[in-house]
Amino acid sequence: MPEPLAPGRRFPDLELPDHGGNQRRLSDLAEGDPLLVNFYRGFWCPKEQAFFRRLVRLQDEAEVAYTRFVSVSVDPPETAAAFRAGLGARWTFLSDAERGYLGELDLRETTDRVHRPYLPASFLLTPDLTIHQAWNGYWFWGRPTNEELRQGFRALTMAIRPDWEVPVR
């Protein structure tokens, strides 16, 4: 039985091809920064398209705030690359077209038995891949809003950055 993906637990260090076909590990993509990992059904889902349009609006802030995004689906790398480019997203998209992690993560969407996609879910991780927050986005309103992501990244950054507080003299 897979370990629950709950706050305080360590997220598996997935290794998958990115949108360019290059093998990448989550721990390398984090590069010592907080990381949002979101799993999505595929480019074809209008709910995913709406969620990603929101994330694209947040990417400028995330890039200057030493935070990172990674998105994972069962779309092949070339499809993920086209979706990414069409959105104007600049973060890494990973492809689990072989569905190698579906069972390990227990994130298979149960209603689509044809495409067998991921359940939409988002995880805010510390640099060492410990889960700080998790959202079940199966029902669209369960997905994190940009403000929830801002607040989650703020709380996580405060906890891990020793120079967060303003020096008091």
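Scroll up for the structure.
Along every chain, residues carry numbers that run from 1 in the direction the sequence is written. This being a predicted model, a pLDDT of at least 70 is required before a residue's local features are given, and a value of 80 or more before pairs of side-chain atoms are given or counted; all residues contribute to the totals for chains, interfaces and linings. The side-chain quantities take in all heavy atoms of the structure and omit both hydrogens and water.

(A) Layout of the environment of aspartate 96. Structurally, aspartate 96 can be placed in the loop between β5 (92-95) and α4 (102-105). Relative accessible area decides the class of each residue, using a 1.4 Å probe on protein chains only: under 20% of the type maximum gives buried, over 50% gives exposed, and in between gives partly exposed. By relative accessible area, aspartate 96 is classed as buried at 3%. Separated by 82 residues in the primary sequence, aspartate 96 and leucine 14 have C-alpha atoms spaced 9.7 Å apart. Look past the residues within four positions of aspartate 96 in its chain and what remains in contact with it is Leu16, Ser73, Val74, Tyr101, Leu102 and Tyr118. Working definition: helices are DSSP H or I runs of at least four residues, strands are E runs of at least two. Numbering for both runs from the N terminus. By the convention used here, residues are in contact when the closest approach between their heavy atoms is within 4.5 Å.

(B) Layout of the pattern of salt bridges. By salt bridge we mean one thing: a side-chain nitrogen of Lys or Arg within 4 Å of a carboxyl oxygen of Asp or Glu. Taken as a whole and judged by the stated rule, the model has 13 salt bridges. Residues arginine 150 and glutamate 147 are paired through a salt bridge, measuring 3.3 Å at the closest nitrogen-oxygen approach. A residue pair is termed a helical-turn pair when its members lie 3 or 4 positions apart in one helix, as arginine 150 and glutamate 147 do in helix α5 (residues 146-160) at three residues. Overall, arginine 150 belongs to the partly exposed group, its relative accessible area being 31%. One salt-bridge network, held together by shared partners, links Glu31, Asp33, Arg68 and Arg161.

(C) Structural detail: the side chain of threonine 92. Mapped onto the secondary structure, threonine 92 falls in strand β5. Here threonine 92 is in contact with Asp18, His19, Arg24, Leu29, Phe69, Val70 and Ser71, once residues within four sequence places are set aside.

(D) The packing of aromatic side chains, seen in detail. Stacked, edge-to-face and tilted are the three classes for Phe, Tyr and Trp ring pairs, Trp counted by its six-membered ring, which pair at centre distances within 6.5 Å; planes under 30 degrees apart are stacked, over 60 edge-to-face, the rest tilted. Throughout the structure, instances matching the rule amount to 17 aromatic pairs. Judged by centre distance (4.9 Å) and plane angle (45°), the rings of phenylalanine 39 and tyrosine 118 are tilted. Linking phenylalanine 39 in strand β3 (residues 35-39) with tyrosine 118 in the loop between α4 and β6 (121-125), this pair joins segments that are 79 residues apart in sequence. Overall, the relative accessible area of 0% leaves tyrosine 118 in the buried class. Judged by centre distance (6.3 Å) and plane angle (20°), the rings of phenylalanine 69 and phenylalanine 153 are stacked. One end of the pair, phenylalanine 69, is in strand β4 (residues 68-73); the other, phenylalanine 153, is in helix α5, with 84 residues separating them in the sequence. Neither phenylalanine 69 nor phenylalanine 153 differs from the other in exposure class; each is buried. Site record: aromatic cluster; members linked through ring pairs are Tyr40, Phe51, Phe52, Phe69, Phe83, Trp91, Phe93 and Phe153.

(E) Inspection of the pairing of β4 at higher detail. Summarising burial for β4: five of the six residues are buried, a large majority. Note: two strands are recorded as paired if DSSP finds a minimum of 2 bridges between them. Where β3 lies against β4, five bridges are found, and the strand directions are parallel. The residue of β4 that forms the bridge with leucine 35 is arginine 68. If you view a crossover with the strands going away from you and the path from the first strand over the helix to the second runs clockwise, you call it right-handed. Crossover handedness for the path β3 to helix α2 (residues 46-64) to β4: right-handed. Across four bridges, β4 lies against β5 in parallel orientation.

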